[in-house]
Amino acid sequence: QVQLVESGGGLVQAGGSLRLSCAASGRTFFSRYVMGWFRQAPGKEREFVARISWSTGSTYYADSVKGRFTISRDNAENTVYLQMNSLKPEDTAVYYCAAAVVGQIKYDYWGQGTQVTVSS
């Protein structure tokens, strides 16, 4: 099993920045996983934000956040980060960290979610 604990959410003005953290733990080899960030805004479906490979560090971003958000990982600390810059009110959502086994589509493990609110 993989446990994910998120932190870093909060209230910020438009144009500001926040850094989300996702600490992963469990008796497993994290090189087998891809880590992703998702978000869900009020009245909308959950959407993909970004993902990163533990082993290679390769990344992929949703078009809506390209150039503004950066996903990264610290393998020694088993922690994934989402640096969010130039935040917009439409970025307001609950942000979730998730883990998927390499080669699988479904994310099997999820964090509790952390609220990000961007005021205009």
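Everything here concerns the structure above.
This write-up is about the structure you can find in this document. (Residues numbered from 1 in each chain as written. Predicted model: local features only at pLDDT ≥ 70, side-chain atom pairs only at ≥ 80, totals over all residues. Heavy atoms only, no water.)

Another point: the pattern of salt bridges. Should their charged atoms come close, side chains of opposite charge can pair. Considering all chains together, one arrives at four salt bridges under this definition. Here glutamate 47 ties to arginine 39 by a salt bridge, and the two come within 2.7 Å at their closest N and O atoms. We classify arginine 39 as buried; its relative accessible area is 4%. Connected via shared salt-bridge partners are Arg39, Glu47, Arg68 and Asp91. (Salt bridge = Lys/Arg side-chain N within 4 Å of Asp/Glu carboxyl O. Buried < 20%, exposed > 50% of the residue type's maximum accessible area, 1.4 Å probe, protein only.)

A separate point is the state of the cysteines. For the coordinates displayed, the defined rule picks out one disulfide. Two residues share a disulfide in this structure: cysteine 22 and cysteine 97, whose sulfurs sit 2.1 Å from each other. Between cysteine 22 and cysteine 97, the disulfide has an S-S torsion of -80° and is therefore left-handed. Pair noted here: cysteine 22 is in strand 3 (residues 18–25) and cysteine 97 is in strand 9 (residues 93–101), with a separation of 75 residues, a long-range link. Neither residue differs from the other here; cysteine 22 and cysteine 97 are each classed as buried. (Disulfide = S-S within 2.5 Å. Helix = DSSP H or I, 4+ residues; strand = E, 2+ residues; numbered from the N terminus.)

The quantities given are spatial measurements derived from coordinates; they are silent on function.
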